[in-house]
Amino acid sequence: MKIGTGVSPSMRRAVLVVDDNPTNLHFLQEILKNDYNVYASPSGERALRFLEKHSPDLILLDIEMPGMNGYELIKRLKGDARLADIPVIFLTALEGRDKEQEAFSLGAQDYILKPISYGVVLARVRLHMDLLMHRKNLAHLVEVKTQELLKTQNGVLDIISNMTAYRDNETGAHIMRTTYYSEAICNRLIEIQEPGYRITADFAANIAKSSKMHDIGKIGIPDGILLKPGRLTHEEFAVIKQHTVLGGKIMDESIEELGGETSLFLYTGRDIALYHHEKWDGSGYPSGLKGAEIPLSARIMAIADVYDALISKRPYKQPFTHEDSVKIIEGDSGSHFDPFLIQFCAPVFPLFSEIADRYRDEHYETKMLN
């Protein structure tokens, strides 16, 4: 008597065997039944119906079958995102390098020659099940490490953004709010998929991260100007405007240090820090960029930053209402702001009010040591 793995049938891995020969189906079931849950299909068509509701861990697939043969079936499997990663082992009586190459080119993991050998089948299936487990464990480990890296990365970004908040008249809530405004705009662009404004989820995530550093250059502005409790002189404002250049320089140095694919969000951060005060009509700073010359990330940040400045109390002004702030922004469409963004994102503006209420200044007051 063959001794199985001792694993409960409900916990066993599943194997689908597809072969038009009843003898082969029965023999393969006998070989594998003590270690796996085995499902048998006498045709490719019936196998597809089974796979509509089930996802086995491995498929043993006969090549030569009437109707849909093994080559045709594996093409269907690999064209289905839900089934494409299931390992397939071909069963074939056909020998020859051209048949091997065709099998592997279609995505097969292995092949077993007929007549079927008990020991070969069991060894190959066990090998590929072990490889499958290893891949899943590795994928899980990569996911865990990626999440740990993202958590650390976000923690560092929060530290940097809080450093900026400590040096400014604004609270940490300003950074939180502008981050969520930007995220809301990005979600809208992903939803509408407008030509010229199509963005990916990764691009949106980079903006959400990088927006926290939009004013990082203020670290280099003298306290006497940055913390002045009143309107700035023309000369003082000229100094303040340099925070964009300083921010771009800081980000450039970080990019040079890290480089490569790992720093893609830093490139977005550089664009935002350097260009979020540019204006659509070319009257902004520091470079006087015009229209689509301004990176999309910076155009998005400009809307978020100005809206938050309008609704916030400053030493030289009272806060505007949400409604008045939106009217001002819409009135500056085509001069200060990208008119297409303002048009596309009109449905998002009500979310801004909700975000502003959720992250009010008094909840995020910066605590300074006396």
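Note: the structure precedes this text.
Along each chain, residue indices are assigned from 1 in the same order as the chain's sequence is written. Totals for whole chains, interfaces and linings use all residues, but because this is a predicted model, local features are given only for residues with pLDDT of at least 70 and pairs of side-chain atoms are given and counted only at 80 or more. Excluding hydrogens and water, the side-chain figures rest on all heavy atoms present in the structure.

K.L.:
Explain the side chain of serine 41 to me, please; I cannot follow it from the model alone.
P.N.:
Here serine 41 lies in strand β2 (residues 37-41). A distance of 2.8 Å separates a polar side-chain atom of serine 41 from the backbone oxygen of serine 43. Setting aside residues up to four positions removed in sequence, serine 41 forms contacts with Leu16, Val17, Val18, Asp19, Leu25, Arg46 and Ala47. Helix and strand assignments follow DSSP, with helices taken as H or I runs no shorter than four residues and strands as E runs no shorter than two, numbered in order from the N terminus. By the criterion applied in these results, polar contacts are pairs of N or O atoms within 3.5 Å in which, for protein atoms, one can donate a hydrogen and the other can accept it, and in which residues neighboring in sequence qualify only through two side-chain atoms. Contact definition: two residues touch when any of their heavy atoms are within 4.5 Å.

K.L.:
Would you take a moment to explain helix α13 (residues 322-331) for this structure?
P.N.:
Residues that lie three or four places apart on an α-helix share one face, since the helix turns once every 3.6 residues. Listed as buried for α13 are His322, Ser325, Val326 and Ile329. The buried residues of α13 occupy an angular sector of 95° when the element is viewed end-on, so they sit on one face. Seen from the buried face of α13, the exposed residues on the opposite side, beyond 90 degrees, are Lys327 and Gly331. Between buried and exposed lies partly exposed: a residue is buried under 20% and exposed over 50% of the maximum accessible area for its type, with that area taken using a 1.4 Å probe on protein chains only. An arc is given here, and it is the one of the directions from the helix axis to the C-beta atoms.

K.L.:
Looking at this model, I keep getting lost on the packing of helix α12 (residues 296-311) against helix α15 (residues 349-358). Mind explaining?
P.N.:
When two helices pack together, their arrangement is given by the angle between their axes and by how far apart the axes lie. Each axis is a line fitted through C-alpha atoms, taken for helices only over the stretch in contact, and angles between the N-to-C directions span 0 to 180 degrees. α15 packs onto α12 with a crossing angle of 55° between their chain directions and a minimal axis gap of 12 Å. Between α12 and α15, the angle is such that the two are oblique. Considering how the two elements wind past one another, α12 and α15 form a crossing that is right-handed. Where α12 abuts α15, its residues Ile303, Tyr307 and Ile311 lie against Phe349, Phe352, Ser353 and Ala356. Note on residue categories: nonpolar means Ala, Val, Leu, Ile, Met, Phe, Trp, Tyr, Cys or Pro, charged means Asp, Glu, Lys or Arg, and polar means any other residue, Gly included. Tallied by class, the residues present in the contact of α12 with α15 amount to 6 nonpolar, 1 polar and no charged. Small angles under 35 degrees read as roughly parallel and large ones over 145 as roughly antiparallel, with 65 to 115 read as roughly perpendicular and the rest as oblique. Handedness of each helix crossing follows the sense of rotation of the near helix against the far helix: counterclockwise by less than a right angle gives left-handed, clockwise gives right-handed.

K.L.:
Just to check I follow, could you spell out the packing of helix α2 (residues 44-51) against helix α3 (residues 70-78) for this structure?
P.N.:
Running from N to C, α2 and α3 cross one another at 20°; their axes reach a closest spacing of 10 Å. By the angle between their directions, the pair α2 and α3 is classed as roughly parallel. Crossing hand, α2 versus α3: right-handed. On the side of α2, the interface is formed by Gly44, Ala47, Leu48 and Leu51, while α3 contributes Leu73, Arg76 and Leu77. A breakdown of the residues in the contact of α2 with α3 according to their chemical character gives 5 nonpolar, 1 polar and 1 charged.

K.L.:
Please explain the pattern of salt bridges as it appears in this structure.
P.N.:
One side chain can pair with another of opposite charge once the charged atoms of both are near each other. Definition used for salt bridges: Asp or Glu carboxyl oxygen within 4 Å of a side-chain nitrogen of Lys or Arg. Within this structure, the stated rule accounts for 14 salt bridges. Put simply, aspartate 57 and arginine 13 hold a salt bridge, and the shortest N to O gap is 3.2 Å. Note that aspartate 57 is positioned in the loop between α2 and β3 (58-62) and arginine 13 in the segment before β1 (14-18), a separation of 44 residues in sequence. Of the residues examined, aspartate 57 reaches a relative accessible area of 15% and is grouped as buried.

K.L.:
I would appreciate a short explanation of helix α1 (residues 22-32) in the present structure.
P.N.:
Buried within α1 are the following residues: Asn24, Leu25, Leu28, Ile31 and Leu32. All buried residues of α1 fall inside an arc of 130° around its axis, so they share one side. Every exposed residue of α1 that faces more than 90 degrees away from the buried side is listed here: Pro22 and Thr23. Of the residues that open α1, the one with a side-chain oxygen 2.8 Å from the backbone nitrogen of threonine 23 is asparagine 21.

K.L.:
Honestly, the packing of aromatic side chains in this entry has me stumped. Any pointers?
P.N.:
Aromatic rings from Phe, Tyr and Trp, taking only the six-membered ring of Trp, are treated as a pair when their centres fall within 6.5 Å; an angle between ring planes under 30 degrees marks them as stacked, one over 60 as edge-to-face, and anything in between as tilted. The full count for this structure, using the stated rule, is 12 aromatic pairs. Taking the centre distance of 5.1 Å and the plane angle of 90° together, the rings of tyrosine 181 and tyrosine 307 count as edge-to-face. Of this pair, tyrosine 181 sits in helix α6 (residues 172-192) while tyrosine 307 sits in helix α12; the two residues are 126 residues apart in sequence, bridging distant segments of the chain. A residue is classified by how much of its surface remains accessible, and tyrosine 181, at 0% relative accessible area, is buried. Classification of tyrosine 307 by relative accessible area gives buried; the value is 1%. On the basis of an interplanar angle of 85° and a centroid distance of 5.4 Å, the ring pair of phenylalanine 349 and phenylalanine 352 is categorised as edge-to-face.

K.L.:
How do you make sense of the side chain of threonine 244 when you look at a structure like this?
P.N.:
Within the secondary structure, threonine 244 is located in helix α10 (residues 242-258). At a separation of 2.8 Å, a polar atom in the side chain of threonine 244 contacts the main-chain carbonyl oxygen of lysine 241. Look past the residues within four positions of threonine 244 in its chain and what remains in contact with it is Ala273, Leu274, His276, His277, Tyr285 and Pro286.

K.L.:
Before we go on, may I ask you to explain the environment of aspartate 215 in this structure?
P.N.:
Turning to its location among the elements, aspartate 215 is positioned in the loop between α7 (201-210) and α8 (223-226). A relative accessible area of 4% means that aspartate 215 is categorised as buried. As a C-alpha pair, aspartate 215 and glycine 247 span 32 residues in sequence and 6.8 Å in three-dimensional space. A polar contact of 3.3 Å, which involves the side chain of aspartate 215, links it to the side chain of histidine 214. Within polar-contact distance, the side chain of aspartate 215 engages the side chain of histidine 276 at 3.3 Å.

K.L.:
For this particular structure, what's the right way to read the nonpolar core?
P.N.:
Definition used in this section: a nonpolar core is a set of buried Ala, Val, Leu, Ile, Met, Phe, Trp, Tyr and Cys residues joined via side-chain atoms within 4.5 Å. Ranked by size, the top nonpolar core spans 33 residues in total, and within it Tyr181, Ile185, Leu189, Ile300, Ile303, Leu341 and Phe352 carry the most contacts. Within the residue set of this core, elements represented by two or more residues are α6, α7, α12, α13, α14 (339-344) and α15. What isoleucine 185 contacts, discounting residues up to four positions off in sequence, is Ile300, Ile303, Leu341, Cys345, Val348 and Phe352.

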